[in-house]
Amino acid sequence: MARMEDFFYRELMKYLALAEQKRRWNPFTDIPYSLANPNSSQTLAQCVETFCAVEMYLPDFTSKLLQMIRRSRGRSWFHVNWGYEESKHSMTLEGWLLASGHRTEEERETVQNALSNFEWELPYEHPRQMVCYTMIQELATFWNYRNLETIAAKEKDIALITALRVISVDERVHYNFFRNMVKEWMKWDEEGTIYDIKYVFDHFSMPGRTQIPGYDEAARVLAKTGVYGPREYIKLVKNPVLEDLKLDKDFQRIESEEERTQKEAALKAALEDSVERIDINGHAVPKNETGRHPFNSHAVSQVQENLKPKRGRKVELPPTYPNGLKRSAFLDVVDIEPHRRTGPSRSIILDHVPDKLSGSRGMELMDSPVNQQLLAMGDELSNNAEEMRQERAQIREEQTATRRTRVKNNRLFRKHEDGK
């Protein structure tokens, strides 16, 4: 446990450094909310509202788990930062609903009040099982946002495309952090960790199912549009997680004899190593390292300039828009007016009236260029970028070899059939 806690803390430091240097974004200034498409479909809005509803339980997600892991500084401090990043996702998606005119401020408040009547509870009682659960859930969320971005692109909504792009990269980095934790646990307690992974998969469900009113209808919309359903869960979440952890579909470890020998030698060396030999500053970045971001005084000056009151900007804003609807606090900060839609946009959470939808259109799976680009971007912004580059290269080689074998077998089969 001492070695695991040291690992958690070192991963936290690397995670925070990368986030501050390369990944931080501003939900108020980096999303072009004015380019939200007021003519986008209500199905698109319903999907966004479903994700917003899940994020409304963020106080439960953070507080309940924080009590479980509070003695681990690496995990608990990461968890607090995770909550901060997830809150930006929630505000951004909510801001799009308001800016596009799909929802009014009154409707936003009504949904918020309806959701606050229910409380989310931890689905598992063991801290390691919660890490496994969050790992799976974060990868599922990445694909939720990525697939939803595909719909937003078809409907030419630049604001939502931008929002979903930066949010999905965050989710990919979150997945990689939890994945690294699970892989480290497997080094020290492989049998127990694999048991926990299997147990979580056997009992897995996305958060919000028992709390969100109209969840079944919302889930049906997500599945019918191809954003997320059983098909996406297996192909994009469960199978890739097992592949990343080098487990087969029966949760058996996939490793060569050479890997097994190396693992045993590494474990023996680690156990023989003295605690006194651990260098606290072993992962510190040297001050003169090339490529390190220098202190940016211009950026600090820009932040200070942004904090100054803008000339001509009213400090006191009227409580309503000219049409009598309540003003949105979020849009007031962003300083834009909401679009006016030509028709109504229905909320599943408030109405509970099912829509008639055609069959699932399906989504581009993992092999599309944009999906591969986003996966690579999230991996490069994660702690163990080099390790994942090597893993991806190995997976591509194995897939290429499998395809060659399949093509060869198909040719032999056709030749055999022709011979008959």
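Residues numbered from 1 in each chain as written. Predicted model: local features only at pLDDT ≥ 70, side-chain atom pairs only at ≥ 80, totals over all residues. Heavy atoms only, no water.

Side note on the overall build of the protein
When you go through the protein residue by residue, the secondary structure sums to 16 helices and 0 strands. The buried share among the 420 residues of the protein stands at 45%. A sequence separation of at least 24 residues applies to 81% of the contacts in the protein between residues at least 6 apart. (Helix = DSSP H or I, 4+ residues; strand = E, 2+ residues; numbered from the N terminus. Buried < 20%, exposed > 50% of the residue type's maximum accessible area, 1.4 Å probe, protein only. Contact = heavy atoms within 4.5 Å.)

Some words on the nonpolar core
In this structure, Leu93, Trp96, Leu148, Ile197 and Phe204 are the most contacted members of the largest nonpolar core, which totals 93 residues. Considering each element in turn, this core owes the most residues, 15 residues, to helix α7 (residues 158-188). With residues near it in sequence (within four places) discarded, Leu93 still touches Val48, Phe51, Cys52, Tyr145, Leu160, Leu164 and Ile167. (Core = buried A, V, L, I, M, F, W, Y, C linked by side-chain atoms within 4.5 Å.)

Looking at helix α1 (residues 2-23)
With 22 residues, α1 should cover 32 Å at 1.5 Å per step; its first-to-last C-alpha distance of 30 Å lies within 8% of that length. Buried residues in α1 make contact with α4 (73-99) and α7. (Expected span 1.5 Å × (residues − 1).)

Overview of the pattern of salt bridges
According to the stated counting rule, one finds 24 salt bridges in the structure shown. A salt bridge links Lys64 to Glu121, with the shortest nitrogen-to-oxygen separation between them at 3.3 Å. Taken together, the residues Lys64 in helix α3 (residues 58-69) and Glu121 in the loop between α5 (105-115) and α6 (127-154) connect sequence positions 57 residues apart. Between Glu149 and Arg146 there is a salt bridge, and its shortest N-O distance comes to 3.4 Å. One end of the pair, Glu149, and the other, Arg146, are both in helix α6, 3 residues apart, so they sit about a helical turn from each other. Here the two residues Glu149 and Arg146 agree in accessibility, since each one is buried. Among the charged side chains, a salt-bridge network with shared partners connects Glu20, Arg23, Arg24, Glu85 and Asp170. (Salt bridge = Lys/Arg side-chain N within 4 Å of Asp/Glu carboxyl O.)

Observations concerning the packing of aromatic side chains
This model, assessed by the stated rule, comprises 18 aromatic pairs. Each ring, one from Tyr133 and one from Phe204, has its centre 5.3 Å from the other, and the planes form 45°; the classification is tilted. Taken together, the residues Tyr133 in helix α6 and Phe204 in the loop between α8 (190-202) and α9 (215-224) connect sequence positions 71 residues apart. Each member of the pair, Tyr133 as well as Phe204, carries the same accessibility label: buried. Ring geometry for Phe204 against Tyr233: centres 5.9 Å apart, planes inclined by 5°, an arrangement best described as stacked. Of this pair, Phe204 sits in the loop between α8 and α9 while Tyr233 sits in helix α10 (residues 230-244), and the two are 29 residues apart along the sequence. The structure contains a cluster of three or more aromatic residues connected by ring pairs, namely Tyr124, Tyr133, Tyr195, Tyr199, Phe204 and Tyr233. The ring centre of Trp77 lies 4.1 Å from the NZ or CZ of Arg73, which sits over that ring. It is Lys88 that lies over the ring of Trp25; its NZ or CZ is 4.5 Å from the centre. (Phe/Tyr/Trp six-rings, centres within 6.5 Å; stacked < 30°, edge-to-face > 60°. Lys NZ or Arg CZ within 6 Å of the ring centre and 35° of its normal.)

A few points about the confidence of the model for the protein
In low-pLDDT regions, the fine details of the predicted coordinates are not to be read closely. A residue-level look at the protein finds 75% of positions with pLDDT of 70 or above and a mean pLDDT of 80. Counting interchain partners and residues more than four positions distant, the pLDDT-below-50 stretch residues 274-300 has 12 contacts. Low confidence marks residues 357-363, where pLDDT is under 50. Its contacts with residues over four positions away, or in another chain, come to 20 contacts. (pLDDT = per-residue confidence, 0-100.)

Describing the environment of Glu86
Among the structural elements, Glu86 can be located in helix α4. Sequence separation of Glu86 and Glu55 is 31 residues, and the distance between their C-alpha atoms is 7.4 Å. Every residue in contact with Glu86, bar those within four places of it in the chain, is listed here: Glu55, Leu58, Glu138, Glu171 and His174. Engagement of the side chain of Glu86 in a polar contact is seen with the side chain of His174, the distance being 3.2 Å. (Polar contact = N/O pair within 3.5 Å; in protein donor to acceptor, adjacent residues only side chain to side chain.)

Side note on the packing of α7 against α8
α8 packs onto α7 with a crossing angle of 140° between their chain directions and a minimal axis gap of 6 Å. The angle between the axes of α7 and α8 places the two elements in the oblique class. Between α7, through Val182, Trp185, Met186 and Trp188, and α8, the contact on the second element is made entirely by Glu190, Thr193, Ile194 and Ile197. Of the residues in the contact of α7 with α8, the class split is 6 nonpolar, 1 polar and 1 charged. (Axes fitted to C-alpha atoms, helices over the stretch in contact; angles between N-to-C directions. Parallel < 35°, antiparallel > 145°, perpendicular 65-115°, else oblique. Nonpolar A, V, L, I, M, F, W, Y, C, P; charged D, E, K, R; others polar.)

Some thoughts on α4
Helix length check: α4, at 27 residues, gives a terminal C-alpha distance of 39 Å against a target of 39 Å (1.5 Å per residue), a fit within 8%. For α4, the tally of buried residues reaches 21 of 27 residues, placing the bulk of the element in the interior. At the exit of α4 stands Gly101, carrying a positive phi of roughly 85°.

Re unusual backbone geometry
With a phi angle near 60°, Lys246 is a residue other than glycine that sits in the positive phi range. Summarising the element assignment, Lys246 is placed in the loop between α10 and α11 (257-272). The backbone phi angle of Asp335 is positive, close to 70°, even though this residue is not glycine. Inspection of the secondary structure puts Asp335 in the loop between α13 (329-334) and α14 (348-351).

Examining the side chain of Glu55
If you trace the backbone, Glu55 turns up in helix α2 (residues 42-55). It turns out Glu55 is buried and unbridged, and the closest side chain with the opposite charge, Lys88, is 12 Å from it. A distance of 3.5 Å separates polar atoms of two side chains, one belonging to Glu55 and the other to Tyr145. (Lys, Arg positive; Asp, Glu negative; His and termini not counted.)

Describing the environment of Leu374
When you line up the elements, Leu374 lands in helix α15 (residues 369-380). A relative accessible area of 1% means that Leu374 is categorised as buried. Sequence spacing of Leu374 and Val169 is 205 residues, and the spatial spacing of their C-alpha atoms is 6.6 Å. Setting aside chain neighbours within four positions, we find Leu374 in contact with Phe142, Arg146, Glu149, Arg165, Ser168 and Val169.

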